[in-house]
Amino acid sequence: MSSRTLPLLFINLGGEMLYILDQRLRAQNIPADKAKKVMNDIITTMFNKKFLEELFKPQELYSKKALRTVFDRLAHASIMRLNQASMDKLYDLMTMAFKYQVLLCPRPKDILLVSFNHMDAIKDFVKDTPSILSQVDETYRQLIEMYTTLSSGEFQLIRQTLLIFFQDMHIRVSIFLKDKVQNSNGRFVLPTSGPVPHGTQVPGLIRMFSCTGEELTRQQFNNGGNYNAALREGSFEIFGDRVTKLGTNMYSVSRPVETHMSGTSKNSAQHTKVNTAPNPLAKEELNLLARLMGGLEVQKPGNTDSGFRVNLFATDEEEEEALISRPDELSYGVINIQATKDQQANAELAKIMGEFTESGDQSPSASSKGDDLLAMMDGL
C-alpha cells in the first residue's frame, strides 16, 4: 500500500464531483450567481491551506465510509443541500468514473496526467476568482513536487492501492453502459486496441540476441489486438497538453447520467460485511479524519431563501425510491464525529468508534468551523 495515494484520490474524486454538480446545477436552471457561489465555495474548501497540509502528509487510505464522510461534508460547503439518495448517487458516479480512469491509464504514471486534467478543469471553474486561483496553483506545485520524481515502481504501487480501494465497487453507470465500456454486471471492458503506452512498442515481435548483444533472429506473432504506436507524452507541468482525455468532463446537460445497483453475489455481500467489522486501526483513522476535517469549513445558509436543494434524479419520487431500494451492502453511511472542548477526548473516541450513521439533510452548523474536531485532536 502506498502512503502517497490519498492526495491523488481526493483531487480526482473532487474533480469528478465538481463535473457532476456543474451539470446538475445547469440542468436544474439554478441562477448563475448561486451556481457560481456553490462551485467557488466547494473549491475554496477543497484547496484550503490547512486542509491540504493534512491531505499531503504521508498516510494510509481511509475506509470507504471515512472518505464518504469527507465528501459529504465537502458537498455541503456552500448553500446547496443534497438528500441522502442524491449524495449516494453523486458518490457512486464519482468513484466509478475515477475507477474507470485508473483502469484505463496506459501507464501507472499517467494517473498524474488524469489528476492534472481534473486540476485544469477546476482551475477553469474559478478562472475569474484570483484568490481561489492562487490556492489551486499552489496545489499544482505541491503535486509536481511530490509526484513527478517518483519511480515507475512507486506509481505502480499507487495504482495498485487505488484498484484495491475500488475493487468491490461495481455500480452500473448509464454513460459507460451506452458507450459499451461497462458490462451489465458493473465491470469495465478493457480495450484491446489503440495506442500502446508511451515508451513501449507495439507487441508482435520477438527478437533473439547472442550473449554479445548481437541480434540473431526475429519472429513475429499475433498480438490478439489492434494496437498502434504510442502517442506523445503528456505534459507534467502546470501548463501544457495532457494528451490523454481521461479525467476530462464527460457530462453534459443533454446527456443525463443514471446509476444502477449491480446484483451482488453472496460472497460479495459477505466480503463487505467482513470489511465493515470493527477495525483495530479505527482510532488512528478517526484521529486522521478529525485532523483532515478540521480544515473543512462548512457553512449553513443564513436564511431559507438563500439555500437550495439539488436532486441528482429526474424527480423527487425517483430519489425516494432510490433511497428505499439501495442494498445495505452499498450504504456507505457517514462517520459521526462529535466532540466539544469540555469533553474528555479519549472517552469521546471510545464512544464514537465504529459509530456509523445515515446522513439525511442535516448539515454541520456554521459556528463549528471544525473547531470541535480540532479540539478533540488536541486532546489526543
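The present account deals with the structure reproduced in this document. Remember, it's a predicted structure, so these values are computed and weren't measured experimentally. Here the residue numbers are simple positions, counted from 1 along each chain's written sequence. Restriction of local features to residues with pLDDT of at least 70 applies here, the model being predicted, together with a cutoff of 80 or more for giving and counting side-chain atom pairs; totals for whole chains, interfaces and linings are based on all residues. Side-chain measures here rest on the full set of heavy atoms in the structure, leaving out hydrogens and waters.

## Description of the packing of helix 1 (residues 6–27) against helix 2 (residues 32–46)
Reasoning step 1: Running from N to C, helix 1 and helix 2 point in directions that differ by 175 degrees, and their axes come no closer than 11 Å. Comparing their axes, helix 2 and helix 1 come out roughly antiparallel. Residue-level inspection shows Phe10, Gly14, Met17, Leu18, Leu21, Asp22 and Leu25 of helix 1 in contact with helix 2, the latter providing Ala35, Val38, Met39, Ile42, Ile43 and Met46.
Reasoning step 2: Along the lines of polarity and charge, the residues of the contact of helix 1 with helix 2 split into eleven nonpolar, one polar and one charged. Helix axes use the C-alpha atoms of the stretch in contact, all axes being lines fitted to C-alpha atoms, and the angles between their N-to-C directions lie in the range 0 to 180 degrees. Secondary structure elements follow DSSP: runs of H or I of four or more residues count as helices, runs of E of two or more count as strands, with numbering from the N terminus. The cut-offs work like this: below 35 degrees is roughly parallel, past 145 is roughly antiparallel, 65 to 115 is roughly perpendicular, and the gaps in between are oblique. Contacts are assigned to residue pairs with any non-hydrogen atoms lying within 4.5 Å of each other. Classes in brief: Ala, Val, Leu, Ile, Met, Phe, Trp, Tyr, Cys and Pro nonpolar; Asp, Glu, Lys and Arg charged; the others, Gly included, polar.

## Notes on the packing of aromatic side chains
Reasoning step 1: Here is the rule: rings of Phe, Tyr and Trp (six-membered ring for Trp) pair when centre to centre is within 6.5 Å. Planes less than 30 degrees apart are stacked, more than 60 are edge-to-face, and the remainder are tilted. On inspection of all chains with the given rule, the structure shows nine aromatic pairs.
Reasoning step 2: Ring geometry for phenylalanine 98 and phenylalanine 166: centres 5.8 Å apart, planes at 85 degrees, overall edge-to-face. Of the two residues, phenylalanine 98 sits in helix 5 (residues 84–104) while phenylalanine 166 sits in helix 8 (residues 152–166), which places them 68 residues apart along the sequence.
Reasoning step 3: Their ring planes at 50 degrees and their centres at 5.2 Å tell us that tyrosine 100 and phenylalanine 188 sit as a pair that is tilted. Highlighted residues: tyrosine 100 in helix 5 and phenylalanine 188 in the loop between helix 9 (174–178) and strand 3 (193–195), separated in sequence by 88 residues. Phenylalanine 188 matches tyrosine 100 in its accessibility class, with the two residues each being buried. Working definition: with a 1.4 Å probe on protein chains only, accessible area under 20% of the residue-type maximum means buried, over 50% means exposed, and in between means partly exposed.

## What about the side chain of asparagine 12?
Reasoning step 1: Looking at where asparagine 12 falls in the secondary structure, it is placed in helix 1.
Reasoning step 2: Among the polar contacts made by the side chain of asparagine 12, one reaches the side chain of serine 115 at a distance of 2.8 Å.
Reasoning step 3: Contact partners of asparagine 12, with chain neighbours within four places excluded, come to Phe98, Val114, Ser115 and His118. N or O atoms within 3.5 Å of each other form a polar contact, as long as, within protein, one can give a hydrogen and the other can take it, and as long as residues adjacent in sequence are counted only when both atoms are side-chain atoms.

## A word on the pattern of salt bridges
Reasoning step 1: We define a salt bridge as a side-chain nitrogen of Lys or Arg found within 4 Å of a carboxyl oxygen belonging to Asp or Glu. Summed over all chains, the structure comprises 14 salt bridges.
Reasoning step 2: Between arginine 232 and aspartate 241 there is a salt bridge, with the nearest N and O atoms lying 2.3 Å from each other.
Reasoning step 3: Take aspartate 241: its relative accessible area is 44%, and that puts it in the partly exposed class.

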